[in-house]
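Topology and contacts: notes
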Amino acid sequence: MSILLLGGSPAATSSTGRLLDHVGEKLALHGHRYSKLQVRDLPPQALLHADTSDLAIKRALAAVAAADAVVIATPVYKASFTGILKAFLDLLPQDGLAGKLVLPLATGGSQSHMLALDYALRPVLHALDARHVLTSVYATSQQLVWVEGSGLALDQAISWRVQAGVEALSAGLNALSGRIGDSYVVPAEPVRLAS
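On a predicted model such as this, the values are computed, not experimentally measured, just so you know.

Before going further, it helps to examine the overall build of the chain. Helices and strands together make up the secondary structure of the chain, namely six helices and eight strands. Along the chain, helices and strands appear, N-terminal first, in the series β-α-β-α-α-β-α-β-α-β-β-β-β-α. In summary, the chain has a C-alpha radius of gyration of 17 Å against a globular reference of 16 Å for 195 residues, a match within 12%. Along the first, second and third principal axes, the C-alpha atoms of the chain reach 50 × 45 × 30 Å.

With that settled, consider unusual backbone geometry. Even without glycine at this site, A50 takes up a positive phi of about 50°. Following the sequence through the fold, A50 ends up in the loop between α2 (44-48) and α3 (55-66). Classification of A50 by relative accessible area gives partly exposed; the value is 45%. Here the phi dihedral of A79 falls at roughly 65°; this positive angle occurs in a residue that is not glycine. Along the chain, A79 turns up in the loop between β3 (69-75) and α4 (83-89). Exposure remark for A79: the relative accessible area of 22% places this residue in the partly exposed category.

Between its first and last C-alpha, helix α1 (residues 15-29) extends 21 Å over 15 residues, near the 21 Å set by a 1.5 Å rise per residue. Looking at α1, one finds that the buried residues are T16, G17, L19, L20, H22, V23, G24 and L27. Just past α1, the residue G31 takes up positive phi, approximately 90°.

Let's shift gears to the nonpolar core. In this structure, L6, L42, L47, I72, F88 and L97 are the most contacted members of the largest nonpolar core, which totals 34 residues. Residue assignment for this core shows that the elements contributing at least two residues are β1 (2-7), α2, α3, β3, α4, β4 (101-108) and α5 (116-127). With five residues, the single largest contributor to this core is α5. Ignoring sequence-local partners within four residues, the contact set of L42 consists of L37, L47, A56, I57, A60 and F88. Judged by nonpolar contacts, the second largest core, of 24 residues, contains L19, L152, V166 and L173.

What counts and how
- Residues numbered from 1 in each chain as written.
- Predicted model: local features only at pLDDT ≥ 70, side-chain atom pairs only at ≥ 80, totals over all residues.
- Heavy atoms only, no water.
- Helix = DSSP H or I, 4+ residues; strand = E, 2+ residues; numbered from the N terminus.
- Rg over C-alpha atoms; globule rule 2.2 N^0.38 Å.
- Buried < 20%, exposed > 50% of the residue type's maximum accessible area, 1.4 Å probe, protein only.
- Expected span 1.5 Å × (residues − 1).
- Core = buried A, V, L, I, M, F, W, Y, C linked by side-chain atoms within 4.5 Å.
- Contact = heavy atoms within 4.5 Å.

This is how it looks when you write it as C-alpha cells:
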C-alpha cells in the first residue's frame, strides 16, 4: 500500500514540511513506503490556470490517484489552509480521494487556529470522497523545535498525537490490504457502476 505525503506549504523550509517529513519517517518504521509531493514545486501558471494538460500537473494528479493514503500538511493562514493547497485540491475530480485514508496535519502560530482543520479542510476532503479522514494533528511553532544536528524535536503532547495518527493510518492501511502478519490477502473491491 502506498502513501503520498502532500505538502501545502509555500515555503521551502518550514515547520509544516518538517512535521510532514517526521510523519513519513514514522510511517516507514511501520513498514510503509511513501512518496512526497510539494504543491509549491508545481508550475505556478499551470496550477493557477487549472491546466491539467501540463505534464507536471498530470503526474501530480496521477500520484494522488495511485496512493492508498494521503497525508496532507498545511500551515494555517487567516484561519484556513493555504491557497496553493486549495488550488491543487480544486484540480482533483469530485471523487479524487475515493477509497483513500487521509491524515490531515497543520501548523500555526497559536492554538486559536486549531479548529481550522476541522471547519476548513475536513469538509473539502469529505467532498472529495475520502474513505476516512483520520483525527487531525495540529501543532504550534512552539511545539515543533528544529535542532541543528538532531532534527525536529516535538513537544510531548504533539509527539503523542503524531504517534496516534501514524498508528491509526498504519492500522487502516493494514486493514485495507487484508494484512495478517506478513501475508497479504487481496481485498474484494465493490463494483463502481457510476461516479
